[in-house]
Amino acid sequence: MRRLCSLKEGWIRPSEVAGEKQITALLWKMALFFSFAVLFVVFPALHCQSGDTLTVSPTVRELFMKDGVMQYLNCSSTSLKKDAKLEWTLPKDTLRIEKIEAKKSIGGSLNLEHNIMIPSFSSQYSGKYTCSLMLNNVAETTYDITLTAIKENKTEPRFYMGNDTATLSCSISIPGSSSRKIEGPIWFKNGTKVSELKDADRFESSLENKTLVISETTRQDAGLYVAQFEIDGSEKYDCQVAYIAGPLVLDFEKSKNLIQEDNMELRCQVKGYPYAVVTWFKDDQKLNVSKDNDRIQQTPLDGYQNARLTIKNVEFSDAGEYRCEAYTESLNETNAKTIVVRVKDKLAALWPFLGIVCEVFILCTIIFIYEKKRNRQAEQADNDAQEADGATTDNVEGLRHRNTPANNPRA
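Before going into details, it helps to say that this report is about the structure given with it. None of these values were measured; they are calculated from a predicted model.

## Describing the overall build of the protein
Thinking step 1. Helices and strands together make up the secondary structure of the protein, namely 2 helices and 27 strands.
Thinking step 2. Within the span of the protein, comprising 411 residues, buried residues form 30% of the whole.
Thinking step 3. In the protein, 62% of the contacts between residues at least 6 apart in sequence involve partners at least 24 apart.
Thinking step 4. Within the structure as shown, the protein displays about 28,000 Å² of accessible surface, and the carbon and sulfur contribution to it stands at 52%.

Here is the structure:
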């Protein structure tokens, strides 16, 4: 006999009661789900709207600095509260640092920005810098960045013709801290490890001496090398070492012949380091090109500004002697090369053809006149010959004959 449960609404079977319990449990689960959704979505949204998050750059906790470098520390935030402000706390109150603060209200929110600038870093600027979002003069959110002084000891050789080798070196130390572990360096050129270059056999590095030796050196080897150190097993520090070489402009072709309305491109290829300043001259006058000039333009080439000169639809006035001059201010050295540009009429190729046509026409006319004159002379000669033959025949017929029986019937 089935067991029946008596409820106020009526008689319900046990299976129906179990189904109702499952539905109730499901509803409780859904309620818990929506509660957690509120916690993870609504509350963080309100938290973000309060503007208690900061954006600081550089986005590191420790920044290694060398002497003489200019450095900016940028701090920004967005808040819905009008009394919010950003504030930097410096390691020393006596530091001479330029502060730049800005506020801008957009759509009811306040965009805050507070930057500081260190004009020339030295060890006295070392320490912890803290940017704080202040609400009612209370720090709501903070971000710390520590500036640590690095001392570099490096050797930057210079390239000379005839030198077979060059030795670059860099070693670093952290003043006032002898416990920090410094490993390396690993040498790079243009972002590539020297051990991975095509001619890697010419580069030999020494971890003990902190050196990089380049053999069979050429001016092409000049440039900026990086000795990368690892500090405390995680932080990276790049020591930049220059291999110096005076400017050299590669040879142009001796001359360039163009036809009117052609496009011209002259490339001034320069070797050396530091990068030289490239200037173009035309007929010993500096070529000043405005940005609004679409026909004549100077553009970068291989990292050198204005090294490529382009002229569209060349004119006769564009002909002349062009000189590319490379000047390195730090070395006070200049090198230059010249090229002669000639511009011909766009119909220049037509004139020889027209000359040939005229010569053929004149020659044909001469031949025609000569042949006509020769035919007349030949005809005249034939007529004279015929007249001469006629006169001879008449003379023969007019001769008197001797009397013979055949000629004289009376005989």
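## Some words on the layout of surface pockets
Thinking step 1. Volume-wise, the largest pocket comes out at about 410 Å³.
Thinking step 2. Considering the residues around the largest pocket, the lining is formed by 19 residues, among which Lys189, Asn190, Gln220, Ala222 and Tyr275 are closest to the centre.
Thinking step 3. Sorting the residues of the lining of the largest pocket by element identifies strand 16 (223-231) and strand 21 (270-273) as the ones contributing at least two each.
Thinking step 4. Here the lining of the largest pocket takes 4 residues from strand 21, the largest share from any one element.
Thinking step 5. Taken together, the residues of the lining of the largest pocket break down into 8 nonpolar, 4 polar and 7 charged.

## Brief notes about the sheet that holds strand 23 (residues 285-286)
Sheets are built from strands paired through backbone hydrogen bonds, the pairs being either parallel or antiparallel.
Thinking step 1. Judged by pairing direction, the sheet is mixed, and its 5 strands sit side by side in the order 19-27-26-22-23 without closing on themselves. The open sheet terminates on both sides in strands that have one partner only, identified here as strand 19 (255-259) and strand 23.
Thinking step 2. The pairing of strand 19 with strand 27 (residues 333-344) spans 5 bridges and is parallel. Each bridged residue has a counterpart across the sheet, and for Leu258 the counterpart in strand 27 is Val343.

## Quick look at the state of the cysteines
Thinking step 1. In total, this model carries 3 disulfides according to the counting rule given.
Thinking step 2. Each sulfur of the disulfide joining Cys75 and Cys131 lies 1.9 Å from the other. Between Cys75 and Cys131 the sulfur-sulfur dihedral comes to about -80°; the bridge is accordingly left-handed. A residue pair is termed long-range when its members are at least 10 positions apart, and Cys75 in strand 5 (residues 71-79) and Cys131 in strand 9 (residues 127-135) qualify at 56 residues.
Thinking step 3. Owing to a relative accessible area of 0%, Cys131 belongs among the buried residues under this scheme.
Thinking step 4. Disulfide pairing places Cys170 opposite Cys239 at an S-S distance of 1.9 Å. Taking the sign of the torsion about the S-S bond as the criterion, the disulfide between Cys170 and Cys239, at about 100°, is right-handed. You can see Cys170 sitting in strand 11 (residues 165-173) and its partner Cys239 sitting in strand 17 (residues 235-243), a full 69 residues away along the chain.

## Quick word on unusual backbone geometry
Excluding glycine, a negative phi dihedral is what most residues carry, and trans is how most peptide bonds are arranged.
Thinking step 1. Pro58 follows Ser57 through a cis peptide bond whose omega is 0°.
Thinking step 2. Along the polypeptide, Pro58 turns up in the loop between strand 3 (55-57) and strand 4 (62-66).
Thinking step 3. For the bond running from Tyr273 to Pro274, omega is 0°, close enough to zero to count as cis.
Thinking step 4. With respect to the element layout, Pro274 can be found in the loop between strand 21 and strand 22 (277-282).
Thinking step 5. If you check the backbone angles, Glu216 has positive phi at about 50° while not being a glycine.
Thinking step 6. With respect to the element layout, Glu216 can be found in the loop between strand 15 (211-215) and strand 16.
Thinking step 7. The class for Glu216 is exposed, based on a relative accessible area of 60%.
Thinking step 8. The phi dihedral of Asn306 is positive, around 65°, even though this residue is not glycine.
Thinking step 9. Of the residues examined, Asn306 reaches a relative accessible area of 29% and is grouped as partly exposed.

## Looking at the pairing of strand 27
Thinking step 1. For strand 26 (residues 320-328) and strand 27, the ladder comprises 9 bridges, and the chain directions are antiparallel. Bridged to Arg323 within strand 27 is Thr338.
Thinking step 2. Linking strand 26 back to strand 27 in an antiparallel pair, the connection comprises 4 residues, with Asn332 at a positive phi of about 55°.

## Structural notes on the pattern of salt bridges
Thinking step 1. Taken as a whole and judged by the stated rule, the model has 17 salt bridges.
Thinking step 2. Ionic pairing is found between Lys181 and Glu183, a salt bridge with its closest N-O pair at 3.0 Å.
Thinking step 3. Note that Glu265 and Arg267 form a salt bridge whose closest N and O atoms lie 3.0 Å from each other.
Thinking step 4. Judged by its relative accessible area of 43%, Arg267 falls in the partly exposed class.
Thinking step 5. Connected through salt bridges with shared partners, the residues Glu62, Arg180 and Asp232 form a single ionic network.

## Brief notes about a nonpolar patch on the surface
Thinking step 1. A surface patch of nonpolar side chains, amounting to about 250 Å² of accessible area, comprises Phe353, Leu354 and Val357.
Thinking step 2. Following the sequence through the fold, Val357 ends up in helix 2 (residues 350-397).
Thinking step 3. Classification of Val357 by relative accessible area gives partly exposed; the value is 39%.

## Quick word on the packing of aromatic side chains
One pair of aromatic rings is described through two measures. These are the centre distance and the angle between the planes.
Thinking step 1. A complete count under the given rule lists 4 aromatic pairs for this structure.
Thinking step 2. Ring geometry for Phe252 and Trp280: centres 6.1 Å apart, planes at 35°, overall tilted. Here Trp280 lies in strand 22 and Phe252 lies in the loop between strand 18 (245-249) and strand 19, a separation of 28 residues in the sequence. You'll find Phe252 and Trp280 in the same group, each marked buried.
Thinking step 3. Ring geometry for Tyr275 and Tyr304: centres 4.9 Å apart, planes at 85°, overall edge-to-face. On the criterion of sequence distance, the pair formed by Tyr275 in the loop between strand 21 and strand 22 and Tyr304 in strand 25 (residues 304-311) is long-range, its members being 29 residues apart.
Thinking step 4. Clustering of aromatic rings is evident, with ring pairs tying together Tyr273, Tyr275 and Tyr304.
Thinking step 5. Here Arg61 stacks its cationic end above the ring of Tyr143, 4.0 Å away from the centre of that ring.
Thinking step 6. One cation-aromatic arrangement involves Arg323 over Phe281; the distance from NZ or CZ to the ring centre is 4.3 Å.

Cut-offs and rules
Residues numbered from 1 in each chain as written. Predicted model: local features only at pLDDT ≥ 70, side-chain atom pairs only at ≥ 80, totals over all residues. Heavy atoms only, no water. Helix = DSSP H or I, 4+ residues; strand = E, 2+ residues; numbered from the N terminus. Buried < 20%, exposed > 50% of the residue type's maximum accessible area, 1.4 Å probe, protein only. Contact = heavy atoms within 4.5 Å. Areas by Shrake-Rupley, 256 points an atom, 1.4 Å probe, with all protein chains shown as cover. 1 Å grid on protein atoms, 1.4 Å probe; cavity = no way out; pocket = protein on both sides within 12 Å on 5 of 7 lines; lining within 4 Å. Points joined across faces, edges and corners; volume = space filled by probe spheres on them. Nonpolar A, V, L, I, M, F, W, Y, C, P; charged D, E, K, R; others polar. Pairing = 2+ DSSP bridges. Disulfide = S-S within 2.5 Å. Salt bridge = Lys/Arg side-chain N within 4 Å of Asp/Glu carboxyl O. Patch = residues over 30% accessible without salt bridge, like charges linked within 9 Å, V, L, I, M, F, W, Y side chains within 5 Å. Phe/Tyr/Trp six-rings, centres within 6.5 Å; stacked < 30°, edge-to-face > 60°. Lys NZ or Arg CZ within 6 Å of the ring centre and 35° of its normal.

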